[in-house]
Amino acid sequence: MKNLFDLKGKIVLVTGASSGLGSDAAKAYAEYGAKVALLARRKEKLESIAEEIKQLGGESIPVQCDVTNEEMVKNAVEEIIKQYGKIDILLNNSGVAIKGGVHNLTEEDWNKSMNTNVKGIYLVSKYVIPYMKEQNYGKVVNIASVNAVIADKDDLFIRHSYNASKSAVIGLTKGMAASYGKHGITVNAVGPALFESEITKDTLFKSDEFLKEYSEKNPVERPAEKGELNGTLIYLSSDASSYVNGQFILVDGGVSIV
Ligand SMILES: NC(=O)c1ccc[n+]([C@@H]2O[C@H](COP(=O)([O-])OP(=O)(O)OC[C@H]3O[C@@H](n4cnc5c(N)ncnc54)[C@H](OP(=O)(O)O)[C@@H]3O)[C@@H](O)[C@H]2O)c1
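Residues numbered from 1 in each chain as written. Predicted model: local features only at pLDDT ≥ 70, side-chain atom pairs only at ≥ 80, totals over all residues. Heavy atoms only, no water.

> Just checking my understanding: could you explain the overall build of the protein for this structure?
Looking only at helices and strands, one finds eight helices and seven strands in the protein. Whereas a compact globule of 258 residues would reach a radius of gyration of roughly 18 Å, the protein reaches 18 Å, a difference of no more than 12%. Expressed along its principal axes, the backbone C-alpha trace of the protein runs to roughly 50 × 45 × 40 Å. The 258 residues of the protein split such that 50% are buried. Nonlocal contacts in the protein, meaning residues at least 24 apart in sequence, comprise 73% of its contacts between residues at least 6 apart. (Helix = DSSP H or I, 4+ residues; strand = E, 2+ residues; numbered from the N terminus. Rg over C-alpha atoms; globule rule 2.2 N^0.38 Å. Buried < 20%, exposed > 50% of the residue type's maximum accessible area, 1.4 Å probe, protein only. Contact = heavy atoms within 4.5 Å.)

Laid out in structure tokens, this is it:
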């Protein structure tokens, strides 16, 4: 029987693979049989994730790159093509979550949010999509956030540039999906809610009051557990989702519907 989730023979590029959701996803891709290009700025972190993947019996390469820098992105994609010959799956996951509202955000922070969370997806996709078109096959998954569709009114957790950038990811996903479907490429977005990671461990996960309030508000009455994003990512990256295109799937325990 064909396993629709099997990723054997596939090459995956994961951005933001040096920590959190990206490193978890990279390991899951390797477990499903794919070879993984691990991209981020911190090389040592990438090397240690590559070592973990090796211990799991998988294969990966670390690729140091800042997704906001076009020259670095171009070189990184070329390096992956040189090593693996193709890219079948692109997980655009690199992101920053900068605190602040329009009344107190610096222009520098605004630009950092938009450049990392939106321009980064544009740049990496710009260099990967031509290879996907050439092979008439590709799966692109863009990481947005539940905060693309809901905001927090508590001043402690105000993040307007994050809200704006993650909403933009959904728009970009729809545009890409509409254009590249005819080339055998699907493009979808995912909206995680609260997962523990470098972004959240010293902020949201440090506040017992926030965690209690969040859990009370969420239908499943808890934050996400490690690895709970992977099922959706594997689904959207595999042939199980061959006719799913331009969609935004929330992985949020239902917090956005109450
Ligand atoms: N954790 C959550 O609750 C949650 C909820 C919703 C959405 N998300 C989204 O999930 C994604 C992953 O976040 P996370 O929670 O796993 O946080 P994280 O542990 O801080 O991971 C962020 C990743 O992005 C990379 N990155 C940041 N700026 C970069 C740049 N300029 N170039 C290349 N890579 C860059 C970081 O690597 P380097 O620093 O090594 O470059 C790191 O690997 C983000 O897009 C985030 O917005 C997270």
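> Quick question: what am I supposed to make of the site of the ligand here?
In the vicinity of the ligand there are 29 residues, among which Leu21, Arg41, Arg42, Tyr162 and Ser197 approach most closely. Residue Asp66 places a side-chain N or O atom 2.9 Å away from a nitrogen atom belonging to the ligand. In the environment of the ligand, an oxygen atom lies 3.5 Å from a nitrogen or oxygen atom belonging to the backbone of Ile199. For the ligand, the protein covers 95% of the area, taking 870 Å² as the surface of the free molecule. Sorting the residues of the shell around the ligand by element identifies helix 1 (20–31), helix 5 (160–180) and helix 6 (198–201) as the ones contributing at least two each. Looking at the shell around the ligand, its residues break down into 13 nonpolar, eleven polar and five charged. (Near = heavy atom within 4 Å. Polar contact = N/O pair within 3.5 Å; in protein donor to acceptor, adjacent residues only side chain to side chain. Areas by Shrake-Rupley, 256 points an atom, 1.4 Å probe, with all protein chains shown as cover. Nonpolar A, V, L, I, M, F, W, Y, C, P; charged D, E, K, R; others polar.)

> Sorry if this is basic, but what is going on with the sheet that holds strand 4 (residues 89–92) here?
By definition, the strands of a sheet pair up through backbone hydrogen bonds, in either a parallel or an antiparallel sense. An order of 3-2-1-4-5-6-7 is seen for the seven strands of this open sheet, with the pairing classed as parallel. Each edge of the open sheet is held by one strand with a lone partner, namely strand 3 (59–64) and strand 7 (248–251). Between one strand axis and the next, the sheet turns by 20° as a mean value, whatever way the strands run. Of the strand pairs in this sheet, strand 6 (residues 185–192) and strand 7 are connected by four bridges, and their pairing is parallel. Note on strand 7: the bridge partner recorded for Pro192 is Val251. Contacting strand 1 (11–15), strand 2 (35–40) and strand 3, helix 3 (residues 70–84) crosses the sheet at an angle of about 155° to strand 3. Strands strand 1, strand 4, strand 5 (138–143) and strand 6 of the sheet are contacted by helix 4 (residues 107–135), whose axis makes an angle of about 175° with strand 4. (Pairing = 2+ DSSP bridges. Axes fitted to C-alpha atoms, helices over the stretch in contact; angles between N-to-C directions.)

> Help me out: how do you make sense of the pattern of salt bridges in this one?
Opposite charge on two side chains permits them to pair, given that their charged atoms come into close proximity. The final tally for this structure, using the stated rule, is 14 salt bridges. Lys35 is the partner of Glu59 in a salt bridge, and the nearest nitrogen-oxygen pair spans 3.8 Å. A residue pair is termed long-range when its members are at least 10 positions apart, and Glu59 in strand 3 and Lys35 in strand 2 qualify at 24 residues. With a relative accessible area of 35%, Lys35 lands in the partly exposed category. Residues participating in the shared-partner salt-bridge network are Arg42, Lys45 and Glu198. (Salt bridge = Lys/Arg side-chain N within 4 Å of Asp/Glu carboxyl O.)

> I tried to follow the packing of aromatic side chains on my own but got confused; where do I start?
Each pair of aromatic rings is reported with the distance of its centres and the angle of its planes. Enumeration according to the criterion identifies two aromatic pairs in this entry. Summarising the aromatic geometry, the rings of Phe157 and Phe210 are spaced 4.3 Å apart at their centres and angled 50° between planes, so their arrangement reads as tilted. Residue Phe157 is found in the loop between strand 5 and helix 5, and its partner Phe210 is found in helix 7 (residues 208–217); the two are separated by 53 residues along the sequence. Each ring, one from Phe210 and one from Tyr214, has its centre 6.0 Å from the other, and the planes form 25°; the classification is stacked. Here Tyr214 and Phe210 lie together in helix 7, a separation of four residues that amounts to about one turn. Looking at Phe210, the relative accessible area reads 9%, which means it is buried. Here the basic side chain of Lys10 rests over the ring of Tyr137, its NZ or CZ set 4.4 Å away from the ring centre. (Phe/Tyr/Trp six-rings, centres within 6.5 Å; stacked < 30°, edge-to-face > 60°. Lys NZ or Arg CZ within 6 Å of the ring centre and 35° of its normal.)

> Would you take a moment to explain the pairing of strand 4 for this structure?
A regular strand carries its side chains on alternate faces of the sheet. Residues Ile89 and Leu91 of strand 4 are buried on one face, and the alternating residues Leu90 and Asn92, pointing to the opposite face, are buried as well. Where strand 4 lies against strand 5, four bridges are found, and the strand directions are parallel. Counted as the bridge partner of Ile89 is Lys139 from strand 5. Taken together, strand 4, helix 4 and strand 5 form a β-α-β motif whose crossover is right-handed. (Right-handed = clockwise from strand over helix to strand, strands pointing away.)

> Help me understand the side chain of Ser23, please; the structure alone is not making it clear to me.
The topology assignment puts Ser23 in helix 1. Ser23 gets classed as buried once you look at its relative accessible area, which sits at 6%. Each residue touching Ser23, except ones within four places of it in the same chain, is listed here: Gly16, Ala17, Ser18 and Ile49.

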